[in-house]
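# Close look at the chain arrangement
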Amino acid sequence: MRESSLARRAVLAGGSAAAATLLGPSPLLAGGRPRTIHPGQVWRDTAGKPIQAHGASIIQVGDVFYWYGENKERTLPGSGIWHWGVRAYASRDLVNWTDQGLIIPPVTDDPKSPLHPSRQLDRPHILYNPVTRKFVCWVKIMEADGRQTRTVLTADRMTGPYTIIRQDMLPLGMSAGDFDLVVSPADGKAVIYFERVHSEVICADLTPDYTDVTGSYTAHFPHPAPPQVREGPAYFERGGKHYLITSGTTGYHPNPSEVAMANALHGPWTVLGDLHPGDRSRTSFNSQVSAVFKHPGKKDLYIALADRWIPDLPRIEGSDFASGDAYRRFEAMFSKMFAQSGAPLTKQEDALLKDQASKINTSRGTYVWLPIRFTGDRPYIEWRSKWSLDEFH
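Let us look at the structure shown here. (Residues numbered from 1 in each chain as written. Predicted model: local features only at pLDDT ≥ 70, side-chain atom pairs only at ≥ 80, totals over all residues. Heavy atoms only, no water.)

### Notes on the overall build of the chain
Selection rule: Helix and strand definitions here come from DSSP, where helices need a minimum of 4 consecutive H or I residues and strands a minimum of 2 consecutive E residues; each element is numbered from the N-terminal end. We compute the radius of gyration over the C-alpha atoms and compare it with the globule rule, which gives 2.2 Å times the number of residues raised to the power 0.38. Throughout this description, buried means an accessible area under 20% of the type-specific maximum (1.4 Å probe, protein chains only), exposed means over 50%, and partly exposed covers the range between.
From N to C terminus, the chain includes 2 helices and 25 strands. Compactness check: the chain gives a C-alpha radius of gyration of 20 Å against a globular reference of 21 Å for 393 residues, within 12% of the reference. Here the C-alpha coordinates of the chain stretch approximately 60 × 45 × 45 Å along the principal axes. Looking at the chain as a whole, 56% of its 393 residues are labelled buried.

### Quick notes on helix H2 (residues 347–359)
Our working definition: Here a helix's expected span is defined as the number of its residues, less one, multiplied by 1.5 Å. Each direction from the helix axis to a C-beta atom contributes to the arc, which is the arc of those directions.
Between the first and last C-alpha of H2 there are 18 Å, a value that for 13 residues agrees with the 18 Å anticipated at 1.5 Å per step. Here H2 has its buried residues at Glu349, Leu352, Leu353 and Gln356. Across the axial projection of H2, the buried residues extend over an arc of 95°, all falling on one side. The exposed residues of H2 that point more than 90 degrees off its buried face are Lys347 and Lys354.

### Points about the packing of helix H1 (residues 325–338) against H2
Note the cut-off: Axis lines are fitted to C-alpha atoms, over the contacting stretch for helices. Their N-to-C directions set the angle, which ranges from 0 to 180 degrees. With respect to orientation, any angle under 35 degrees is reported as roughly parallel, any angle over 145 as roughly antiparallel, any angle of 65 to 115 as roughly perpendicular, and every other angle as oblique. Any pair of residues with heavy atoms lying within 4.5 Å of one another is described as a contacting pair. Residue type decides the class: Asp, Glu, Lys and Arg count as charged, Ala, Val, Leu, Ile, Met, Phe, Trp, Tyr, Cys and Pro as nonpolar, and the leftover types, Gly among them, as polar.
Where H1 contacts H2, the axes come no closer than 11 Å and their chain directions differ by 110°. Judged on the interaxial angle alone, H2 and H1 are roughly perpendicular. For the pair formed by H1 and H2, the contact residues are Arg329, Phe330, Met333, Phe334, Lys336 and Met337 on the first element and Glu349, Leu352, Leu353 and Gln356 on the second. Its residues assigned to classes, the contact of H1 with H2 comprises 6 nonpolar, 1 polar and 3 charged.

### Considerations on the sheet that holds strand S10 (residues 163–169)
In plain terms, the rule: When DSSP finds two or more bridges between a pair of strands, those strands are recorded as paired.
With antiparallel pairing, the 4 strands of this open sheet are ordered in space as S7-S8-S9-S10. The outermost strands of the open sheet, each flanked by one partner alone, are strand S7 (120–129) and S10. Put simply, the sheet's adjacent strands are angled 20° from each other on average, direction ignored. Relative to strand S9 (residues 148–155), strand S8 (residues 134–142) runs antiparallel, the two sharing 8 bridges. By the bridge assignment, Val136 is partnered in S9 with Thr154.

### Considering the packing of aromatic side chains
Put simply, the test is: Stacked, tilted and edge-to-face are the three classes applied to pairs of Phe, Tyr and Trp rings, where Trp contributes its six-membered ring and a pair requires centres within 6.5 Å; stacked means planes under 30 degrees apart, edge-to-face means over 60, and tilted covers the rest. Our definition puts a charge over a ring when NZ of Lys or CZ of Arg is within 6 Å of the ring centre and also within 35 degrees of the ring normal.
In the structure shown here, the tally under the stated rule is 21 aromatic pairs. Where Trp387 meets Phe392, the ring centres are 6.0 Å apart and the plane angle is 85°; that geometry is what we call edge-to-face. A residue is classified by how much of its surface remains accessible, and Trp387, at 1% relative accessible area, is buried. Its relative accessible area of 21% is what places Phe392 among the partly exposed residues. The rings of Trp43, Trp67, Tyr89, Trp97, Tyr367 and Trp369 are connected pair by pair, giving a single aromatic cluster. The lysine or arginine in question, Arg74, covers the ring of Trp84, its NZ or CZ lying 4.0 Å from the ring centre. A cation over a ring is seen here: Arg378 above Tyr380, with NZ or CZ 4.5 Å from the ring centre.

In structure tokens, the structure reads:
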């Protein structure tokens, strides 16, 4: 079977060579399986285990969707394990997902490998290159010296095995944070959007084989420092308009999203504002969008795939999460941390940040998948405790 791909990053998503044997009859139609998505709740695979595919995306291969992302099942506080490889799940209905195992397993016997569990591997993104017939995966590595580099791997099949072809790469010589990979719907050329760490967002052209940057780039959304600096870029295209969703820079703590629109991949971009304007907590419904997936079988269904990194956030030190008081406290603390001058963190603020950081357990993270609503060209995300793809035509 020839593997073709609509490589549009969208959902936040994850597999093994077992995926070579594609799913049987559609799980959407099989034996009363769930048809409803419950944002923020624990999402289990068809074996009943919590799905572990964080900072994820979805890629379509033939008639099968693959959700792939960071496997955090062993990332417990104090464990020294940041990840346990990249995991993938397969589905034909986007609701019921079958575990395909680790498409990129951790390298446990070499601490210098970018795939070692102690290395801070984040946000895998995969494109299919129709010329080389390779699946190309980029991952972000946060280095001990503060730099953020790229490792690039390729495979003949979506589910691997993947081989490292580049590592310790600084795109354009820049420390590069969260990113998205995009194939132009017009000509098939690819670009990478990435946060130039604590500075701006870069859009850089990729080489024809998708494994490197060409040197041509543009810069957007400059900010002097976190938490205003934009990270977590998630791209989608609709009706000839290009959209980029970003979050602020507050570590794992959620913050207000921002969406921008342009007529071309390289902009110029017009900032439209918060994608979640109805959320009084100022936390994007306690989530961070990692990708947007356009459903190929629905007329106008775009799904924002987001992580809820801290599912038990509701109250911090008694402040009201729902009103936005909790976010405003953390925003002020992050502003002080990165200010060039001004008052340092108080002992109480420093203790609060350290205490909260020590309690973050990303192995318990959940997923917030929500449909995007449009008023003209303006996108919005509204909270829904449950929803079904059957609502869309």
